[in-house]
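Listed below, chain by chain, are the residues.
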Amino acid sequence: MSVVSVLEAWPPARLEALYGGVGPAEVDAALQAEERTLRDLAALLSPAARPRMEALACEAQRLTRWHFGRTISLYAPIYISNICAADCLYCGFAVGSGSREARLTLTPGEIHQECQALAAEGFQNILLLTGEAPGAVGVAYIAEAVAIARQYFAGVSVEIYALDEADYEQLFRCGLEGVTLYMETYDRRSYAAVHLRGRKADYRYRLDALDRAGKAGVRRLSMGVLLGLHDWRLDVLWLALHARHLQKQCWQSALSISFPRLRHTPQRFTIQHGVSDIDLVQIMLALRLFLPEAGFNLSTREPAVLRDRLIPLGVTSMSAGSSTRPGGYATTSAGVLEQFEIEDRRNPCEVVQAIRRVGYDPVWKDFDHAFDRV
Amino acid sequence: MDDPLIIAGRAFQSRLLIGTGKFPSAQSLREAIDASGAEIVTVALRRVDLEHPEEEGILSGIDPDKQLILPNTSGARNAEEAIRLAKLSRASGLAPWVKLELTPEPRYLLPDPVETLKAAAVLVKEGFVVLPYIQADPVLAKRLEEIGTATVMPLGAPIGSNRGLKTRDMLRIIIEQANVPVVVDAGLGAPSHTAEAMEMGSDAVLVNTALADATDHGAMARAFALATEAGRMAYRAGLGPQRESAEASSPLTGFLFEEPSAEGTQP
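Residues numbered from 1 in each chain as written. Chains lettered and ligands numbered in written order. Predicted model: local features only at pLDDT ≥ 70, side-chain atom pairs only at ≥ 80, totals over all residues.

## Observations concerning helix α3 (residues 24-32) of chain A
Helical periodicity: at 3.6 residues per turn, an α-helix aligns residues three or four positions apart in one direction.
Residue and element names in this part refer to chain A.
(1) Moving on: The set of residues buried in α3 consists of E26, V27 and A30. Down the axis, α3 shows its buried residues gathered within 100 degrees of arc, on one side only. Along α3, exposed side chains directed more than 90 degrees from the buried face belong to P24, A25 and Q32.
(2) Moving on: Check the buried side of α3 and you find it contacts α4 (38-45). (Buried ≥ 20, exposed ≤ 12 C-beta atoms within 10 Å, placed from the backbone. Helix = DSSP H or I, 4+ residues; strand = E, 2+ residues; numbered from the N terminus. Arc of directions from axis to C-beta. Contact = placed C-beta atoms within 7 Å.)

Shown next, in the form of structure tokens:
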């Protein structure tokens, strides 16, 4: 069954009705529930839950420690290409963004160099990223990149354009552990308004991509909405439905959620549905109460001060020392187009110290070569 | 009291095994291990780099002279992966012991009985001392014992859930039938849970989350160690059976044993 039918059963009006009539009693009931329903999640996301944020935070912390202990996994992104044929209004890589900076795809030799640089920092989990250019940056190239990265790291994931199941299988055979793929927004109209062309303009194909990755055997599926594209309460409820769907369909894959928030966008795009810090925290806390066993990823898009505060509130995985340019770690990358400007510019050592300072253990390795299908 | 736990011919004074996940630091893990007196400490192979151990990593919390490192295969989804992990750990120089954890679904981490049995058969043949983590399934426990596992490790409740002995009735059957040590693993959230498991006749218990999550790791580990000992001692001493209600008087049959009253009750 496709998640489309799940989402179609929950049109905006039905979701708005869920959180529209919520009062303090519903919020308290949701806080105390042992197994939380979508109605409970709507209550926790509602304006009525604002006065209860501290209670939400306590419960979120308790559930996270129960499932993950006081540990934070570390990962780093490696951008291997910034060539992109899609045109997403909010993205620095988009073909129509007007940027003049250089676009390039790393050679296998350069991928080795990037991997060496990050492995020397201690990283064991990395995320390979590309734009959407199936012609120039095809599945065979990405498979080669995964295989190279696997020589250096215990865990290799990708954040690339949506693929067919057979393509995911090919990457899986090269040692792929995880797929990160954000739906950006679940609202069809908002989706169409910002994704102008390329494979990404096909809403349905992207929506079903994580199901295909799970079927191909991929162990970690990471999902998220791009906060700022649409009414966040609706998008988060749809995300939660999608997550529950994946937990049933891909029961052998671990699920994690990311919280990418639009901050710096190209000139042609203005953020219409801004998400404040309080909104972001409420989203994380409410989702933790709804999905106690899901991993929560937090990237360097968010500033250091906020990231440190979020560690004890449900985060389980953080990136550190990131560069969003191809070649950003080892080769000179001045003048090379970056996807977005990062906020937390601390190096991995400083992030590790910050994690320890709040009483958490930084975890570098959480996967093993013995799991390879070779 | 000389009452060692014997696993695969090796004697251990402590009947409390410790898991090493979820601790906030290597220091806190060390405190817990020291205070617990544990002699068997299990380590997830997916979490350690055996060739390049981290300075502040899990292995730095363990003293190999005092504790047996029991590698576990957590993260493995099928027999093939678990077998490969076990072989890698033996090749790296660790003792050929393995705690078999085959948990194909990541939410509740429940063990896969089919793959566990398959992997155990192969590993036993290859000379490993195999300690399988299993659902509290008495028949599976017997099947594993028959193929030569060193223990069985049935769960009390899902890993990390701190819910205690939810599988109590099945555990009782496993303990009654076992010819190998029964180690209750997973779900033990309070010292009273471990005491209860030991009073029932479990040979040992394994605890992790409850220690990792404590504020004072050492104190909590000590509490679990004492409860384990107390439960064992009570089991050896022979606990009286529990009753639903008090049985002090005999309102129904007492008349049979009463002295006849002055008026007499007989015709």
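Further notes follow.
## Overview of the interface of chain B and chain A
(1) Moving on: Taken residue by residue, the interface counts 24 residues in chain B and 24 residues in chain A.
(2) Moving on: Among the elements that take part in the side of chain B that touches chain A, helix α2 (residues 79-91) of chain B stands out by supplying four residues, more than any other.
(3) Moving on: Within the side of chain B that touches chain A, the residues separate by chemical class into nine nonpolar, four polar and eleven charged. (Nonpolar A, V, L, I, M, F, W, Y, C, P; charged D, E, K, R; others polar.)

## A few points about the pairing of strand β6 (residues 254-258) of chain A
All names here are of chain A.
(1) Moving on: The element β6 is extensively covered by neighbouring structure, given that five of its five residues are classed as buried.
(2) Moving on: In β6, alternate side chains face the same way, and those of A254, S256 and S258 on one face and L255 and I257 on the other are all buried.
(3) Moving on: As judged from the four bridges shared by strand β5 (residues 220-223) and β6, these two strands associate in the parallel manner. Bridge assignment links S222 to a residue of β6, and that residue is S256.
(4) Moving on: For the crossover that starts at β5, traverses helix α12 (residues 232-249) and ends in the parallel β6, the hand is right-handed.
(5) Moving on: In the sheet, β6 pairs with strand β7 (residues 295-298) via three bridges, with the strands oriented parallel. In the sheet register, I257 faces β7, and the bridge partner there is F296.
(6) Moving on: Read as a crossover between parallel neighbours, the route from β6 over helix α13 (residues 277-290) to β7 is right-handed. (Pairing = 2+ DSSP bridges. Right-handed = clockwise from strand over helix to strand, strands pointing away.)

## Brief notes about unusual backbone geometry
Residues and elements named next belong to chain B.
(1) Moving on: With a phi angle near 70 degrees, K22 is a residue other than glycine that sits in the positive phi range.
(2) Moving on: A tally of 21 C-beta atoms within 10 Å means that K22 is categorised as buried.
(3) Moving on: Positioned with a positive phi, A186 is a non-glycine residue whose angle comes to about 85 degrees.
(4) Moving on: Its place among the elements puts A186 in the loop between β9 (183-185) and α6 (191-199).

## Observations concerning helix α4 (residues 138-147) of chain B
Residues and elements named next belong to chain B.
(1) Moving on: Residues L140, A141 and L144 constitute the buried set of α4. Burial along α4 is one-sided: seen end-on, the buried residues are contained in an arc of 105 degrees. The exposed residues of α4 that point more than 90 degrees off its buried face are V139 and E146.
(2) Moving on: Against α3 (113-125), β7 (129-134), β8 (153-154) and α5 (168-177) lie the buried residues of α4.
(3) Moving on: Of the residues flanking the end of α4, it is G148, one or two places downstream, whose phi is positive at about 110 degrees.

## Observations regarding the nonpolar core
(1) Moving on: Within the largest apolar cluster, 196 residues are counted, with the highest numbers of intra-cluster contacts made by L44, I126, L128, V146 and A286 of chain A together with V205 of chain B.
(2) Moving on: Not counting chain neighbours up to four residues away, the residues in contact with L128 of chain A comprise I78, I80, A145, V146, A149, V156 and V158 of chain A. (Core = buried A, V, L, I, M, F, W, Y, C linked by C-beta atoms within 7 Å.)

## Some thoughts on the environment of C88 of chain A
Residue and element names in this part refer to chain A.
(1) Moving on: Positionally, C88 belongs in the loop between β1 (71-79) and α6 (108-121).
(2) Moving on: Through-space distance from the C-alpha of C88 to that of A136 is 18 Å; in sequence the pair is 48 residues apart.
(3) Moving on: With residues near it in sequence (within four places) discarded, C88 still touches A94, V194, H195 and K200.

## What to know about the pairing of β7 of chain B
Residues and elements named next belong to chain B.
(1) Moving on: The buried fraction of β7 is high, at six of six residues.
(2) Moving on: Of the two faces of β7, the one holding V129, L131 and Y133 and the one holding V130, P132 and I134 are both buried throughout.
(3) Moving on: Examined bridge by bridge, strand β6 (residues 97-100) and β7 share four bridges and lie parallel to one another. Residue W97 lies in a different strand from β7, and its bridge partner there is V129.
(4) Moving on: Handedness of the β6-α3-β7 crossover: right-handed.
(5) Moving on: One ladder, built from two bridges, connects β7 with β8; its direction is parallel. Looking across to β8, one finds that Y133 is bridged to M153.
(6) Moving on: Crossover β7 to β8 through α4 is right-handed.

## Quick word on the packing of α12 of chain A against α13 of chain A
All names here are of chain A.
(1) Moving on: Viewed as axis vectors pointing N to C, α12 and α13 meet at an angle of 25 degrees, and their least axial separation amounts to 11 Å. Viewed along their axes, α12 and α13 adopt a mutual orientation that is roughly parallel. At the point where α12 passes α13, the crossing takes the right-handed sense. Contacts between α12 and α13 pair W232, V236 and A240 from the former with D279, I283, L287 and F290 from the latter.
(2) Moving on: Its residues placed into classes, the contact of α12 with α13 shows six nonpolar, no polar and one charged. (Axes fitted to C-alpha atoms, helices over the stretch in contact; angles between N-to-C directions. Parallel < 35°, antiparallel > 145°, perpendicular 65-115°, else oblique. Left-handed = near helix turned anticlockwise from the far one by under 90°.)

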